[in-house]
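Spelled out from the first residue to the last, the chains are:
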Amino acid sequence: MDLNHIQLNTTNPEASADFYSRYFGFHKKIRNDRENGYFLWNKDGFLMSIFKIPENVQFPSWFHIGFRMDSVEEIKELYERLLKDGCKINRELKIEQDFTFFRCLDPAGYTVEVFCEPLPE
């Protein structure tokens, strides 16, 4: 069994859908008029639902969603793109021997961690 779905709620679903499409490879942006939001899929079939709510929810500082990348170079490239585009970085790029990561905020204020580490054997 695989985890294959997440729902994010925001006051501006279009901005969030654009963010995840532009930086994290989500496609098939389909507006769900009944729910006033979007369904997005990535190449692996993971579904992200983004729905409109009247006000953004505040999460504990430890809450985040994560994206695993295959290489440190990919992380560096994405980090530089996000910086150049003015994305708020809330944890700077850190490169260690077996773990590289940074954290940024999406348009709704969700913390997004981007990381690279070897899979466990």
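The structure presented is a predicted model; accordingly, all values stated were derived computationally and were not measured. (Residues numbered from 1 in each chain as written. Predicted model: local features only at pLDDT ≥ 70, side-chain atom pairs only at ≥ 80, totals over all residues. Heavy atoms only, no water.)

Participant: Can you help me understand the nonpolar core in this one?
Facilitator: Inside soluble globular proteins, nonpolar side chains tend to come together where they are buried. Ranked by internal contacts, the top residues of the largest apolar core, which has 27 residues, are Phe19, Tyr20, Phe24, Leu82, Phe102 and Val112. Elements supplying a minimum of two residues to this core: α1 (13-24), β3 (37-41), β4 (47-52), β5 (65-68), α2 (72-84), β7 (100-105) and β8 (111-116). Considering every element that reaches this core, the biggest residue donor is α1, with five residues. Contacts of Phe102, omitting those with residues within four sequence positions, involve Ile75, Leu78, Tyr79, Leu82, Ile89, Arg91, Glu92, Leu93, Val112, Glu113 and Val114. (Core = buried A, V, L, I, M, F, W, Y, C linked by side-chain atoms within 4.5 Å. Buried < 20%, exposed > 50% of the residue type's maximum accessible area, 1.4 Å probe, protein only. Helix = DSSP H or I, 4+ residues; strand = E, 2+ residues; numbered from the N terminus. Contact = heavy atoms within 4.5 Å.)

Participant: What am I meant to see in the environment of Asp33 here?
Facilitator: Secondary-structure assignment places Asp33 in the loop between β2 (27-32) and β3. Between the alpha carbons of Asp33 and Phe51 there is a distance of 10.0 Å; along the sequence they are 18 residues apart.

Participant: Would you mind going over the sheet that holds strand β1 (residues 5-10) with me for this structure?
Facilitator: Adjacent strands of a sheet form backbone hydrogen bonds with each other and so pair up, either parallel or antiparallel. Pairing is mixed across the open sheet formed by four strands, whose spatial order is β1-β4-β3-β2. Since the sheet does not close on itself, it has two edges, and those belong to β1 and β2, each with one partner. Mean inter-strand twist for the sheet, computed between neighbouring axes without regard to direction, equals 20°. When β1 meets β4, the two strands line up parallel, connected through six bridges. By the bridge assignment for β4, Leu8 is matched with Ile50. Against the sheet, α1 contacts β1, β2, β3 and β4, and its axis sits at roughly 155° relative to β4. (Pairing = 2+ DSSP bridges. Axes fitted to C-alpha atoms, helices over the stretch in contact; angles between N-to-C directions.)

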